[in-house]
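Architecture at a glance
Chain by chain, the residues:
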Amino acid sequence: MSKTFSGNQLVKALRRIGFVVDHQRGSHIFMHNLEKNITVIVPQHKEIKKGTLNSIIKKAGLSINDLKNLI
């Protein structure tokens, strides 16, 4: 994985596939998909760490290529 993603980019990509911002606590944005009943927590950092990113996209049901296409 050569490209890094920011929290804001990740939030925009998740919004495109049906996630909505539920609330925010500090620098963490809680997003929810009502159709699939999935909650994802996205840190609003300049660069999301590799393990955190993999966990978020796995929970959202995406792949790295899907995420790159959404951004």
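Anything mentioned here points back to the structure above.
What counts and what doesn't
Residues numbered from 1 in each chain as written. Predicted model: local features only at pLDDT ≥ 70, side-chain atom pairs only at ≥ 80, totals over all residues. Heavy atoms only, no water. Helix = DSSP H or I, 4+ residues; strand = E, 2+ residues; numbered from the N terminus. Polar contact = N/O pair within 3.5 Å; in protein donor to acceptor, adjacent residues only side chain to side chain. Contact = heavy atoms within 4.5 Å. Pairing = 2+ DSSP bridges. Axes fitted to C-alpha atoms, helices over the stretch in contact; angles between N-to-C directions.

Another aspect to go through is the side chain of asparagine 33. With respect to the secondary-structure elements, asparagine 33 resides in strand S2 (residues 28–33). From its side chain, asparagine 33 meets the backbone nitrogen of glutamate 35 in a polar contact 3.0 Å long. Residues contacting asparagine 33, with those up to four places away along its chain left out, are Ile17, Gly18, Phe19 and Ile38.

Ordered in space as S1-S2-S3, the 3 strands form an open sheet in which the pairing is antiparallel. The sheet is open, and its two edges are formed by strand S1 (20–25) and strand S3 (38–43), each paired on a single side. Pairs of neighbouring strands in the sheet enclose a mean axial angle of 25 degrees, with direction left out of account. By the bridge criterion, 6 bridges tie S2 to S3 in an arrangement that is antiparallel. Among the inter-strand pairings, histidine 32 is bridged to a residue of S3, identified as threonine 39. In this fold helix H1 (residues 7–16) packs onto S1, S2 and S3, with an angle of close to 155 degrees to the strand it touches most, S3.

Relative to the helices and strands, serine 6 resides in the segment before H1. The residues contacting serine 6, other than those within four sequence positions of it, are His45, Lys46 and Ile48.

Okay, the environment of asparagine 54 next. The topology assignment puts asparagine 54 in helix H2 (residues 50–60). For asparagine 54 and isoleucine 64, which are 10 residues apart along the polypeptide, the C-alpha to C-alpha distance reads 8.2 Å.

Further remarks concern the environment of histidine 23. Of note, histidine 23 is situated in strand S1. Only 3.3 Å separates the side chain of histidine 23 from the side chain of aspartate 22, close enough to count as a polar contact.

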